[in-house]
Amino acid sequence: MGQVLGCVQVDQSTVAIKETFGKFDNVLQPGCHCMPWCLGSQVAGHLSLRVQQLDVRCETKTKDNVFVTVVASIQYRALAESAQDAFYKLSNTRNQIQAYVFDVIRASVPKLDLDSTFEQKNDIAKTVESELEKAMSHYGYEIVQTLIVDIEPDVHVKKAMNEINAASRMREAASEKAEAEKILQIKRAEGEAESKYLSGLGIARQRQAIVDGLRNSVLAFSESVPGTSSKDVMDMVLITQYFDTLKDIGASSKSNSVFIPHGPGAVKDIASQIRDGLLQGKAAE
């Protein structure tokens, strides 16, 4: 209805291309404009100035012969001051941008191995953006930002990478477990050594107490019973210890059968053997 009356409306963030008898005449900014169609004026089309996004999936090969799919996200917009170039110079803007992205990615990624491709994806994005900026500026478009949003290796390669990573982590876990077991064994050995050391001190003190007690018993018995010698007292003490030992063996529920000589003469022999052993030990010192 507006064109019938010779008026046209241009929306915000949009410009219109005005032609007169098929020739470019002017770029109409947002608002209402007089369009005398009877004088050959018409609107050839509209051009959006909003930022647009194009996602490009490009399959290529890395330096180590791994096929990957690189997903690039291109954000671009038409420039109001170059609306004539943006409208007339390109018939399909998205295909043109996609062609440049393919060219740059397939020239950059084959120079890198797979790991470097992941590490340097920001550098690849900057290279794509630089090349697009130089190319599209001649056509009245601005490249706002370029992102490499994903790098997808082949399914089999991805599975192999996951298996390598899992094996590495398992190896690291096994190493840590072995180190923990080593530390545990060392601590256990240190604990056993300390325990044996303390046990040895206890045994030494126990034997020292026994010797002191025997000495005191011998001295006290000799003073209480005149005419007895130290040998008589030691024989009596040894026989007492002998009977205590027999009682302990019999009282133990876990003891095995022990066959030892027994009788009055055997007791004398045992006392003599113990005394001789003590004397020999003393002589050896």
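Residues numbered from 1 in each chain as written. Predicted model: local features only at pLDDT ≥ 70, side-chain atom pairs only at ≥ 80, totals over all residues. Heavy atoms only, no water.

In the annotation of an unreviewed UniProt entry, the protein is listed under the name Hypersensitive-induced response protein 2 and assigned to Raphanus sativus. Quoted verbatim from the Subcellular location (unreviewed entry) field of the UniProt record, the comment on the protein reads "Cell membrane". (UniProt positions renumbered as here; feature names shortened; annotations may be inferred.)

In this section: the overall build of the protein. Check the secondary structure of the protein and you find 7 helices and 8 strands. Looking at the protein residue by residue over its 285 residues, the buried ones come to 25%. For the protein, the proportion of contacts with a sequence separation of at least 24, taken over those separated by at least 6, is 61%. Here the protein has roughly 19500 Å² of accessible surface; of this, 54% comes from carbon and sulfur atoms. (Helix = DSSP H or I, 4+ residues; strand = E, 2+ residues; numbered from the N terminus. Buried < 20%, exposed > 50% of the residue type's maximum accessible area, 1.4 Å probe, protein only. Contact = heavy atoms within 4.5 Å. Areas by Shrake-Rupley, 256 points an atom, 1.4 Å probe, with all protein chains shown as cover.)

Turning our attention to the sheet that holds strand β5 (residues 41-48). One open sheet holds the 3 strands; their spatial order is β3-β2-β5, and the pairing between them is antiparallel. If you trace the sheet from one side to the other, it starts and ends with β3 (23-28) and β5, each paired once. Recorded for the sheet is a direction-independent mean angle of 30° between the axes of neighbouring strands. When strand β2 (residues 14-20) meets β5, the two strands line up antiparallel, connected through 7 bridges. When the sheet's bridge partners are listed, Ile17 is paired in β5 with Gly45. (Pairing = 2+ DSSP bridges. Axes fitted to C-alpha atoms, helices over the stretch in contact; angles between N-to-C directions.)

Its 16 residues give helix α2 (residues 93-108) an end-to-end C-alpha distance of 23 Å, which sits within 8% of 22 Å, the value for a rise of 1.5 Å per residue. Residues of α2 that are buried in the fold lie against β6 (52-61), β7 (67-78), α4 (121-136) and β8 (141-153). A distance of 3.4 Å separates the backbone nitrogen of Arg94 from a side-chain oxygen at the start of α2, and that oxygen is part of Asn92. (Expected span 1.5 Å × (residues − 1). Polar contact = N/O pair within 3.5 Å; in protein donor to acceptor, adjacent residues only side chain to side chain.)

Here the distance between the centres and the angle between the planes together describe a pair of aromatic rings. This structure, assessed with the given rule, holds 3 aromatic pairs. Between Phe24 and Tyr88, the aromatic rings sit 5.9 Å apart at their centres with planes inclined by 85°, giving edge-to-face as the arrangement. Of this pair, Phe24 sits in strand β3 while Tyr88 sits in helix α1 (residues 83-88); the two residues are 64 residues apart in sequence, bridging distant segments of the chain. By relative accessible area, which is 37% here, Tyr88 ends up partly exposed. An aromatic cluster is defined as three or more aromatic residues linked by ring pairs; in this entry it consists of Phe24, Phe87 and Tyr88. (Phe/Tyr/Trp six-rings, centres within 6.5 Å; stacked < 30°, edge-to-face > 60°.)

Let us now look at the UniProt feature "coiled-coil region" (unreviewed entry) in the protein. In this structure's numbering, the residues bearing the UniProt feature "coiled-coil region" (unreviewed entry) are residues 157-190. With 100% helix and 0% strand, residues 157-190 has end C-alpha atoms that lie 49 Å from one another.

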